[in-house]
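As a plain string of letters, each chain reads:
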Amino acid sequence: MLLQLLTAVAALAGAACSLLAEGSGTGAVSGILPFTAGGFIYLGTVSVLPEILRNSGPAQALLQLLALLAGVAMMLLIAHYE
């Protein structure tokens, strides 16, 4: 329970930091965006990949892995052209 509380407090602190940095210009956004994207990619790969590899055959796992990489590529394209 204590670790869950720590996670919730960290999420609240992150939300507060992003709200405070909202009006400070592009410098703050360009510093926060890589950490946010990296967090989502990390969570996706750490929680999803083992589940994919455990519950599917090699062909299905390869297709799902390619779909995951396509999602990361789309995020990179959106960040590049935004």
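Keep in mind it's a predicted model, so treat the numbers as computed, not measured.

## Looking at the UniProt feature "transmembrane region" (unreviewed entry) in the protein
UniProt marks residues 31-49 and 61-81 with the feature "transmembrane region" (unreviewed entry), using the numbering shown here. Summarising residues 61-81: 100% helix, 0% strand, and an end-to-end C-alpha distance of 30 Å.

## Remarks on a nonpolar patch on the surface
A cluster of nonpolar side chains, L62, L63, L65, L66 and L69, forms an exposed patch at the surface whose accessible area comes to about 460 Å². Looking at where L66 falls in the secondary structure, it is placed in helix 3 (residues 58-81).

## Concerning the confidence of the model for the protein
Of all residues in the protein, 89% have pLDDT values of 70 or greater, and the mean over the chain is 78. The weakest mean pLDDT in the protein belongs to helix 2 (residues 26-55) at 74; the strongest belongs to helix 3 at 84.

## Quick look at the UniProt feature "signal peptide" (unreviewed entry) in the protein
UniProt's feature table lists "signal peptide" (unreviewed entry) at residues 1-17, given in the numbering used throughout. With 94% helix and 0% strand, the stretch residues 1-17 has end C-alpha atoms that lie 24 Å from each other.

## Overview of the environment of L68
Within the secondary structure, L68 sits in helix 3. Classification of L68 by relative accessible area gives partly exposed; the value is 24%. Taking the C-alpha atoms as reference, L68 lies 9.3 Å from V48; in sequence the two are 20 residues apart. Apart from the residues lying within four places of it in its own chain, the contact partners of L68 are T45 and L49.

## A closer look at the environment of Q64
With respect to the secondary-structure elements, Q64 resides in helix 3. Look at Q64 and you get partly exposed, because its relative accessible area is 29%. Considering only alpha carbons, one finds Q64 and I52, 12 residues apart in sequence, at a separation of 7.3 Å.

Rules of the game
Residues numbered from 1 in each chain as written. Predicted model: local features only at pLDDT ≥ 70, side-chain atom pairs only at ≥ 80, totals over all residues. Heavy atoms only, no water. UniProt positions renumbered as here; feature names shortened; annotations may be inferred. Helix = DSSP H or I, 4+ residues; strand = E, 2+ residues; numbered from the N terminus. Patch = residues over 30% accessible without salt bridge, like charges linked within 9 Å, V, L, I, M, F, W, Y side chains within 5 Å. Areas by Shrake-Rupley, 256 points an atom, 1.4 Å probe, with all protein chains shown as cover. Salt bridge = Lys/Arg side-chain N within 4 Å of Asp/Glu carboxyl O. pLDDT = per-residue confidence, 0-100. Buried < 20%, exposed > 50% of the residue type's maximum accessible area, 1.4 Å probe, protein only. Contact = heavy atoms within 4.5 Å.

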